Amino acid sequence: MPDTTTEYIKSRRLLYLALSTAALLFLGLIYAFSMFSAPMSAAFGLDKAAVGLTFNIMMITFCFGAIAGSQIEKSVGTRGALFVSALLFLCGFAGTGLFGNGNIAVVYACYGVLGGLGVGVGYNCIVATTNIWFPDKVGFSSGVLMMGFGLGSLILGTLSVNLVPAFGLSSVFAAIGVVTCVVVVALALLLRRPPADIVSRMAPEKATGTGFDPGEQDAALKTPTFYVYWIWAIIVIAIGLATIGNCASDAQAVGLDAGFATLLVGLVSTCNGLARVVIGLIYDKTNVKVTMLVDGFIAVAACACIIGAFTTGVAALYVVGAFCCGFCYGGVPVVASAFARQRFGAKSYPLNLSLANFAIMFGSLLNIVIQAAVGGADNRLAVFAVMGALSLVAAFDVLPFSKLWNKDMRMLDERRRSVEADGA
């Protein structure tokens, strides 16, 4: 059979990676909210602060959507889960465009809840299914997928916002819903799970010869390593969100003009996207411990530069810090994807990936709490002083994580050898 040859698998998985990345590019449009919020306030006659809450609702429902997606995929398969994602996204964006005028509750329900759920279901299904095709290059595949998701807001978001003056926000939102729905449905009709022996074919050094994956015996939420990982991820995500959500205003506060401040938002998004490939390659060349340490120290450097910018007024420091923040934030989902696959195996990968990504919700809440506690928009130096202290916690968190990880790897190796010995 041609579909069992190694060469066929290599060509097929590259096709799936390209198609999946394209679909995530469109689903990533939901993160263009910072570009849509001002036009939404103006076109729909809504309070800017009230509209801003939509992003936080979306972040939370995204996490729950990822959990739901893992269960939907288990029940109806990859195709069914992607159909659900496409329908939810369509209802979310088209509903916002058609019925959001003058009604903030509709914006919350459609963009925040339906859109967030739809993206969560689709993201989790696409990443979980596509990554299983790359047991030998899980960091690379995760990085490429995450790059597509991260750059969606920059590339398609910019295009969409530029179409608003000509066609109106309602029409643009409806079109986004329809086009994204078509793209995700097309992927649903094409994407397949890999053959059962994909690990032995593409990563024989990780195979036991029996098809046994020792990590599949462990539940993420019952594993100490998972919670230590969560501490690192939650902090780095909070640091990234603190910068990304206020980049333009912070840049102007340290002396940059409005035009460059707007450009900087796009450049930070670019760093976010490129980081996902770079971090993925670092993961494949080293290991999860080194990758987390590198990303953690970049978060420390980011906070140090931004604190320096607010303290000294040197705008260049803020630019460097913002780039570093975009980079470290972009690295987290790549590590989450690769970590969940390597530590807990393929069997429950969709569920474990969604659990790892729940750090996004907690990171968002941590960012909100810190900003509320120290004054938020009125005291940005204090915000980053707290974030700077937490960045050190994240960097040093890698030490206990490394000890637990080494212990886990020894345990998995012992399980693997035991099964091989029993089968000999």
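Preceding block: the structure.
Please read these numbers as outputs of a predicted model, since none were measured by experiment.

About the cut-offs
- Along each chain, residues carry numbers from 1 onward, in the same order as the chain's sequence is written.
- With pLDDT at 70 or above as the cut-off, local features in this predicted model cover only qualifying residues; side-chain atom pairs require 80 or more to be listed or tallied, and sums for whole chains, interfaces and linings still use all residues.
- Heavy atoms from the whole structure form the basis of all side-chain values; hydrogens and water molecules are not counted.
- Only runs of H or I of at least four residues qualify as helices and only runs of E of at least two qualify as strands under DSSP, and these elements are numbered from the N terminus.
- Residue burial is assigned from relative accessible area. The probe radius is 1.4 Å, only protein chains are included, and a residue is buried under 20% of its type maximum, exposed over 50%, and partly exposed in between.
- Any pair of residues with heavy atoms lying within 4.5 Å of one another is described as a contacting pair.
- A positive count includes Lys and Arg, and a negative count includes Asp and Glu. His and the chain ends are not counted in either.
- Where a charge lies is defined by one atom per residue type: Lys uses NZ, Arg uses CZ, Asp uses CG and Glu uses CD.
- Sulfur atoms of two cysteines make up a disulfide when they are within 2.5 Å.
- A pair is scored as a salt bridge if a Lys or Arg side-chain nitrogen falls within 4 Å of a carboxyl oxygen belonging to Asp or Glu.
- Every helix has an expected span of 1.5 Å times one less than the residues it contains.
- Nitrogen and oxygen atoms within 3.5 Å of one another constitute a polar contact, given that in protein one can donate a hydrogen and the other can accept it, and given that sequence-neighbouring residues count only through two side-chain atoms.
- In this description, a nonpolar core means a group of buried Ala, Val, Leu, Ile, Met, Phe, Trp, Tyr and Cys residues linked to one another through side-chain atoms lying within 4.5 Å.
- Think of it this way: a Phe, Tyr or Trp ring, Trp meaning its six-membered ring, pairs with another when their centres are within 6.5 Å, and the plane angle makes it stacked under 30 degrees, edge-to-face over 60, tilted otherwise.
- Axes, fitted as lines to C-alpha atoms, cover a helix only where it is in contact. Angles between the N-to-C directions of the axes lie from 0 to 180 degrees.
- Any angle from 65 to 115 degrees is called roughly perpendicular, while one under 35 is roughly parallel, one over 145 is roughly antiparallel, and all others are oblique.
- For any helix crossing, the convention is left-handed if the near helix is rotated counterclockwise from the far helix by under a right angle, and right-handed if that rotation is clockwise.
- Just so you know the grouping, Ala, Val, Leu, Ile, Met, Phe, Trp, Tyr, Cys and Pro go in nonpolar, Asp, Glu, Lys and Arg go in charged, and all remaining residues, Gly too, go in polar.

Caption draft 1: Looking closely at the overall build of the protein. Along the backbone of the protein there are 15 helices and zero strands. Dimensions of the protein, computed from C-alpha atoms along their principal axes, come out at roughly 70 × 45 × 35 Å. Across the 424 residues that make up the protein, the buried fraction comes to 54%. Of the contacts made within the protein by residues no fewer than 6 positions apart, 84% connect residues no fewer than 24 positions apart. Distance from the positive charge centre (25 side chains) to the negative charge centre (21 side chains) of the protein: 3 Å.

Caption draft 2: Molecular detail of the state of the cysteines. Across all of its chains, the model carries zero disulfides by this definition. Note on C63: no disulfide assigned, nearest cysteine sulfur contributed by C125 at a separation of 17 Å.

Caption draft 3: Inspection of the pattern of salt bridges at higher detail. Enumeration according to the criterion identifies seven salt bridges in this entry. With a shortest N-O distance of 3.0 Å, D218 and R415 are connected by a salt bridge. Pair noted here: D218 is in the loop between α7 (198-202) and α8 (224-244) and R415 is in helix α15 (residues 380-423), with a separation of 197 residues, a long-range link. R343 is the partner of D408 in a salt bridge, and the nearest nitrogen-oxygen pair spans 2.9 Å. Residue D408 is located in helix α15, and its partner R343 is located in helix α12 (residues 315-344); the two are separated by 65 residues in the primary sequence. Connected through salt bridges with shared partners, the residues D218, R343, D408 and R415 form a single ionic network.

Caption draft 4: Here's a closer look at helix α11 (residues 288-312). End to end, α11 covers 36 Å across 25 residues, agreeing with the expected 36 Å (1.5 Å per residue, within 8%). At the N-terminal end of α11, a side-chain oxygen is found 3.0 Å from the backbone nitrogen of K289, two or three residues along, and the residue is N287.

Caption draft 5: A look at helix α4 (residues 104-131). Along its 28 residues, α4 runs 38 Å from first to last C-alpha, staying within 8% of the 40 Å computed at 1.5 Å per residue. Looking at where α4 begins, the residue whose side-chain oxygen comes 3.1 Å from the main-chain nitrogen of A105 is N103.

Caption draft 6: View of the nonpolar core. Ranked by size, the top nonpolar core spans 122 residues in total, and within it M40, Y111, Y229, W232, L264, Y318 and M387 carry the most contacts. Top element by residues in this core is α12. It accounts for 17 residues. Residues within four places of M40 in sequence aside, it is in contact with F33, G45, V51, V107, Y111, L169 and F173.

Caption draft 7: Molecular detail of the packing of aromatic side chains. One pass over the structure, following the stated rule, counts 28 aromatic pairs. A centroid spacing of 5.0 Å and a plane angle of 70° characterise the contact between F36 and F173, whose relative ring orientation is edge-to-face. With F36 in helix α2 (residues 33-44) and F173 in helix α6 (residues 169-190), the pair connects residues that are 137 residues apart, well separated along the chain. Among the residues examined, F173 registers a relative accessible area of 0% and is labelled buried. The interplanar angle of 65° and the centroid separation of 5.3 Å between the aromatic rings of F62 and Y123 together place this pair among those described as edge-to-face. Taken together, the residues span a long stretch of sequence, with F62 in helix α3 (residues 48-99) and Y123 in helix α4 at a distance of 61 residues. Judged on exposure class, the residue F62 and its partner Y123 are both buried. What links up through ring pairs into an aromatic cluster is the set F64, F226, Y227, Y229, W230, W232, F339, F344, F358, F362, F401 and W405.

Caption draft 8: The arrangement of the environment of F149 in detail. With respect to the secondary-structure elements, F149 resides in helix α5 (residues 138-167). Considered as a pair, F149 and A23 are 126 residues apart in the sequence and their alpha carbons are 8.3 Å apart. Excluding its chain neighbours within four sequence positions, the residues that come into contact with F149 are L24, L25, L27, G28, Y31, F62, V119, Y123 and R276.

Caption draft 9: Inspection of the packing of α5 against α12 at higher detail. The contact between α5 and α12 brings their axes to 9 Å, and the two run at 140°. In this view, α5 runs oblique relative to α12, as classed from their interaxial angle. Considering only the axes of α5 and α12, their crossing is right-handed. Contact residues: α5 offers V138, G139, S142, G143 and M146, while α12 offers P333, V334, S337, A338 and R341. Classifying every residue of the contact of α5 with α12 gives five nonpolar, four polar and one charged.

Caption draft 10: Structural detail: the side chain of R276. As for its position among the elements, R276 is in helix α10 (residues 258-285). D295 is the oppositely charged side chain nearest to the buried, salt-bridge-free R276, at an N-O distance of 9.9 Å. Engagement of the side chain of R276 in a polar contact is seen with the side chain of N272, the distance being 2.8 Å. The residues touching R276, leaving out its near neighbours within four places in the chain, are G143, M146, M147, F149, G150, Y329, G330, P333 and V334.

Caption draft 11: Highlighting the environment of T312. Note on placement: T312 falls in helix α11. Between the C-alpha atoms of T312 and A261, which are 51 residues apart in sequence, the distance is 18 Å. A distance of 2.6 Å separates a polar side-chain atom of T312 from the backbone oxygen of G308.

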